[in-house]
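Chain by chain, the residues:
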Amino acid sequence: MDDVTIYHNPACGTSRNTLGMIRNAGIEPQVIEYLKTPPDRATLLSLIAAMQVPVREVVRAKEALYSDLGLADADDDALVDAMLVHPVLINRPIVVTPMGTALCRPSERVLDFLPQPQQGAFAKEDGERVVDAAGNRIV
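Residues numbered from 1 in each chain as written. Predicted model: local features only at pLDDT ≥ 70, side-chain atom pairs only at ≥ 80, totals over all residues. Heavy atoms only, no water.

**Q** Would you mind going over the environment of arginine 41 in detail, with residue names and values included?
**A** Locating arginine 41 in the fold gives a position in helix 2 (residues 41-51). A sequence separation of 77 residues divides arginine 41 from glutamine 118, and the C-alpha atoms of the two residues are 33 Å apart. The contact partners of arginine 41, leaving out residues within four places of it in the chain, are Val80, Asp81 and Leu84. (Helix = DSSP H or I, 4+ residues; strand = E, 2+ residues; numbered from the N terminus. Contact = heavy atoms within 4.5 Å.)

Here's what the structure looks like:
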């Protein structure tokens, strides 16, 4: 089995859709509910480095806590500190596969990083078809 990990929030539709597409490829990933088991500093920094994105892109700015903590002008160290103390500020889902690490927003972004093809049709929770019956991505 391929080594795939998802930093998952089961309350998030995007995260649930991403997990569904991973499973639709016949992969049972390691599921880390990061609100219950937050990453430590080294892991969070490693994920950000692997995604090759700015720290700010990994912060969930839509959370009220982001404004409450005045993070709009915070530097990278302060953003990382805030995510460690308040994991709800970590944007999700983050998926780690042998093909790379990515913040999978939108959820179908995961299709670019899965080591196995889709095994059948997949539609998001809202009914949007993403993969056809032959396992091909619908553009």
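From this point on, the discussion continues.
**Q** I'd like a description of the pairing of strand 2 (residues 30-33), backed by residues and values.
**A** As judged from the four bridges shared by strand 1 (residues 5-8) and strand 2, these two strands associate in the parallel manner. Looking at the pairing, histidine 8 lines up with glutamate 33 of strand 2. After leaving strand 1, the chain enters helix 1 (residues 13-24) and then returns to the sheet as strand 2, a path that is right-handed. (Pairing = 2+ DSSP bridges. Right-handed = clockwise from strand over helix to strand, strands pointing away.)

**Q** Residue-level account of the side chain of arginine 92, with values.
**A** Take arginine 92: it is sitting in the loop between helix 5 (76-85) and strand 3 (94-97). Buried charge without a partner: arginine 92 forms no salt bridge, and the closest opposite charge is glutamate 63, 4.3 Å away. The residues touching arginine 92, leaving out its near neighbours within four places in the chain, are Tyr7, Asn9, Cys12, Ser15, Tyr34, Arg60, Glu63, Leu103 and Arg105. (Buried < 20%, exposed > 50% of the residue type's maximum accessible area, 1.4 Å probe, protein only. Lys, Arg positive; Asp, Glu negative; His and termini not counted. Salt bridge = Lys/Arg side-chain N within 4 Å of Asp/Glu carboxyl O.)

Don't take any of this as a statement about function, it's just geometry.
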